[in-house]
Every structure is written in C-alpha cells, then in structure tokens.
Amino acid sequence: MRILTGLQPSGKLHIGNYFGAMQPAVHLQDQGEAFYFIADYHAMTSMKDADTLRANIQDLAIDFLACGLDPEKATIFRQSDIPEVNELAWILSTVCPMGLLERAHSYKDKIARGLDANHALFAYPTLMAADILLYDAELVPVGKDQKQHLEITRDLAGKINDRFGENTLTIPEVQIKENTAVVPGLDGQKMSKSYHNTIPLTGNKKAIRKSVMRIVTDSTPVEDPKPTDGSTVIALYKLFADDAQVQQMIDDHMAGGFGYGDFKQRVFDAYWDYFAHVREKREELEGNLDYVNQVIAEGAEKARAESTKVLDRVRKAVGLR
Ligand code: ADP
Ligand code: TRP
C-alpha cells in the first residue's frame, strides 16, 4: 500500500501538527510504502519571505527525522524537487470546475483571515491533488481540516479517469485519525499557528512553560471542585500522560484543593518528558546537516522514479504524447 502525506514548512511545528500529522505518519511508515514530503510550493501561499521559507524547509526536514521518520522505510522529499507536479496540477485544472474551488472551506477561511486572494491560494486544491496523484498514493493520512481537499482530489482523479481511461490515475483513500483529530490550543480553540495558541514541539523550556501556564481555565477558587468536562488542561494532559496520571488529575479536579497552576505544571512536566527524545534527536541532527540534506536528496531521487512513471502514463492518456 502506498501512503503519502505532506506538511507545509510554514513555521515551527506545534503539538497539534505532531499528534495530527507527524505521529500518524511515523506509525504508518511500518504499514506500507510511505512517501512524505515538505510542501514548499504550498507554503508560498502564506509565506512571503525567502529566507524564512528556506529556514523552515530545513527545519521541517530536521523535524521529520527527529520525530522518528526513518529514511530506510519512508521516502522523505521536498515538493519542489519534483517540479513536474505543476504539470499534473495543470492537467487536473483542465477538468476542475470553478465551483469546486469556490466551495473550498480552506480557501474561504484563509481569505477571511486576511490572506491575499491570489490565484495560488485559490488553486491550492489542484496542486494538492497533483501531489497525491503523481505518486499513485492509495492512502492519505491528514487532519480533519484537509478532508475536503481529499474529496476534491478523488473527484478530480475520477473526472480524469472518466474522460481519459479508467486506470489513468489512482483514486486515494483518506485516513483521519479521529481520536487525535483536533488538539486544542491554549485558549481551547483548535491549536493553530494562525490563532497564536500553540505549544511548540520543541523550543526554549522557560518560554514554553510560560505558554502552558497561559492555558485558559475558569476562575474556580483553589479549594473548590473544578469542572472536568470541556477542560483544555485535561484534554492536553491526555496527550502526554498515562491513564493513571489522567485519572489522578480528574480525581483532583473533582476533589478540590488543587489550583489550576498545579494542574498546568503537571501538563508542562508531562509534555517536557514526552518530547525529550525528539529534542535530543533534533540537536543531534542540527549538528549534522549534511546528513539531513543527503536524506532529502535521496528522497527526491526515489520520488522522481515514481513521478516519472505516472506522468508518462498521464501524458499519453490525455494526448500530450
Ligand atoms: P496550522 O493550523 O497551525 O496552520 P497546518 O494547517 O499547517 O497547521 O497543519 C499541518 C498538519 O497538522 C495538518 O495535517 C493538520 O491537519 C494538522 N493539524 C494542525 N493543527 C492541528 C490540531 N490542532 N489538531 C490536530 N491536527 C492538527
Ligand atoms: N494542505 C496540507 C496542509 O495544509 C499539506 C499538503 C499539501 C498535503 N499537499 C498534500 C497533505 C498532499 C497531504 C497530501 O496540511
């Protein structure tokens, strides 16, 4: 089974990205032939500074490896190392009704948040479809917010196959991790870099502790029992703590006598321990960038071997060859 997913190098990874994207990807590398890529063309829709983009690409390559992706098992590559993806995106755009793109939530959300309504942002789903279809991906693990993009991908592949022949493109399945579908941010909304409510995956200990202490709670006095339903503190703690620790925290909420500062400290400690391994690995890789770059270069070669086959097939099917 061929598994594929991409992550945008659009800023430091946060734990929502980790649980929603990175961790499922790491698990899946043992279950099929995994292709994971750094979606740098996509990141250009929101990032305008060249040096920052360059640094983020490097950073994400390091994060992929630090989080446990194994280049012996998975192909890790950079989207723009295979620029032919733009050709497939073009071919797909010729069968893509305007209405399909106009209905895309992600586009509408981004415009509502103040991003420029440019063509790249609008056409994003056709490029994303090309990312997937260019590698004959069968399974695409993503967060809930990407579900519609996957529907569009399937739709476009179906249109190509209807018009040019059944086996032109492989129609992928989507996999959404329901139990970790949405990691809440410090304010209880979905964690997202655009809401400035994130806990970074790695970074300065003091600064991260300070952020964790900002998790929004109610103002129940220390001595009183505290609500457990809808608690962001508990929801976050569940990500890092074992069942017994979680039960203890729930009991302590219900008993009263514990302040939110205490609970948040437990969240921070559990978080810090949980990612110790990722931090260590990151440091090691930062001192060995030649290795990181070599992994990415080899990934591009492996990716190209696949993309060439698919693109040849598509070019013939549509009449370009
Ligand atoms: P952000 O919302 O911070 O901009 P992205 O949109 O770049 O994050 O998301 C990258 C990946 O991480 C996607 O697969 C997305 O579904 C996943 N992801 C982002 N935020 C969360 C979250 N809060 N919970 C679970 N998964 C998330
Ligand atoms: N749009 C995805 C996101 O913002 C990133 C992405 C680009 C992707 N191309 C992809 C994910 C192909 C899966 C498959 O998170």
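Residues numbered from 1 in each chain as written. Chains lettered and ligands numbered in written order. Predicted model: local features only at pLDDT ≥ 70, side-chain atom pairs only at ≥ 80, totals over all residues. Heavy atoms only, no water.

Enquirer: What's the story with the overall build of the chain in this structure? I'm lost.
Expert: Helix and strand counts for the chain stand at 14 helices and five strands. For the chain, the C-alpha radius of gyration of 21 Å lies close to 20 Å, the compact-globule estimate for 321 residues. For the chain, the spread of C-alpha atoms along the principal axes amounts to about 75 × 45 × 35 Å. Taken across its 321 residues, the chain has 50% of its residues classed as buried. Nonlocal contacts in the chain, meaning residues at least 24 apart in sequence, comprise 78% of its contacts between residues at least 6 apart. Working note: accessible area of the chain is about 15,200 Å², and carbon and sulfur atoms make up 49% of it. (Helix = DSSP H or I, 4+ residues; strand = E, 2+ residues; numbered from the N terminus. Rg over C-alpha atoms; globule rule 2.2 N^0.38 Å. Buried < 20%, exposed > 50% of the residue type's maximum accessible area, 1.4 Å probe, protein only. Contact = heavy atoms within 4.5 Å. Areas by Shrake-Rupley, 256 points an atom, 1.4 Å probe, with all protein chains shown as cover.)

Enquirer: Is there a simple way to think about the site of ligand 1 in this case?
Expert: Around ligand 1 sit 16 residues in total, of which H14, D145, V183, S192 and K193 are the nearest. At 2.8 Å, a side-chain N or O of S192 approaches an oxygen atom of ligand 1. At 2.6 Å from an oxygen atom of ligand 1 is found a side-chain nitrogen or oxygen belonging to K193. Among the elements that take part in the shell around ligand 1, helix α1 (residues 15-28) stands out by supplying four residues, more than any other. A breakdown of the residues in the shell around ligand 1 according to their chemical character gives six nonpolar, seven polar and three charged. (Near = heavy atom within 4 Å. Polar contact = N/O pair within 3.5 Å; in protein donor to acceptor, adjacent residues only side chain to side chain. Nonpolar A, V, L, I, M, F, W, Y, C, P; charged D, E, K, R; others polar.)

Enquirer: Help me understand the side chain of D40 in this model?
Expert: Here D40 lies in helix α2 (residues 40-43). Although D40 lies buried, it forms no salt bridge, and the closest oppositely charged side chain, R78, sits 4.4 Å away as judged by the N-O distance. In this view, D40 contacts P9, L53, I57, R78, Q79 and S80; residues no more than four positions away in its chain are not counted. (Lys, Arg positive; Asp, Glu negative; His and termini not counted. Salt bridge = Lys/Arg side-chain N within 4 Å of Asp/Glu carboxyl O.)

Enquirer: Please explain the site of ligand 2 as it appears in this structure.
Expert: Surveying the vicinity of ligand 2 reveals 14 residues, the closest of which are Q8, Y124, M128, D131 and Q146. Within the side chain of Y124, a nitrogen or oxygen atom sits 2.6 Å from a nitrogen atom of ligand 2. Contact between ligand 2 and Q146: a nitrogen atom at 2.9 Å from a side-chain N or O atom of the residue. Relative to its unbound accessible surface of 360 Å², ligand 2 loses 90% to contact with the protein. Mapped by element, the contributors of at least two residues to the shell around ligand 2 are β1 (2-7), α7 (119-133) and β4 (139-142). Ranked by the residues each element gives to the shell around ligand 2, the list is headed by α7, at four residues. For the shell around ligand 2, the per-class residue count stands at eight nonpolar, five polar and one charged.

Enquirer: I keep staring at unusual backbone geometry and nothing clicks. Help me out?
Expert: The bulk of non-glycine residues show a negative phi, and the bulk of peptide bonds are trans. Of note in this structure, D136 is not a glycine but carries a positive phi near 50°. Structurally, D136 can be placed in the loop between α7 and β4. Even without being a glycine, H196 presents a positive backbone phi close to 50°. Positionally, H196 belongs in the loop between β5 (173-176) and α9 (205-212). Classification of H196 as exposed rests on a relative accessible area of 65%.

Enquirer: I would appreciate a short explanation of the pattern of salt bridges in the present structure.
Expert: It is possible for side chains bearing opposite charge to pair when their charged atoms get close. Within the structure shown, the criterion is met by 16 salt bridges. Residues R54 and D51 are paired through a salt bridge, measuring 2.8 Å at the closest nitrogen-oxygen approach. Of this pair, R54 and D51 both sit in helix α3 (residues 50-66), separated by three residues, roughly a single helical turn. Note that R154 and E173 form a salt bridge whose closest N and O atoms lie 3.5 Å from each other.

Enquirer: How do you make sense of the domain arrangement of the chain when you look at a structure like this?
Expert: Interface size, as often reported, equals the accessible area lost upon joining of the parts. Domain boundaries assigned for the chain yield domain 1 (2-183 + 289-318) and domain 2 (203-274). Its C-alpha centre places domain 1 at a distance of 35 Å from the equivalent point of domain 2. Between domain 1 and domain 2, the buried area comes to about 420 Å², and carbon and sulfur atoms account for 84% of it. When the area that domain 1 buries against domain 2 is broken down by residue, the three leading residues are I15, F19 and V183, summing to 74%. On inspection of domain 1 and its partner domain 2, the count reaches one residue pair in polar contact (both at pLDDT 80 or more). (Domains from an automatic or database assignment. Buried area = accessible area lost by both parts, 1.4 Å probe.)

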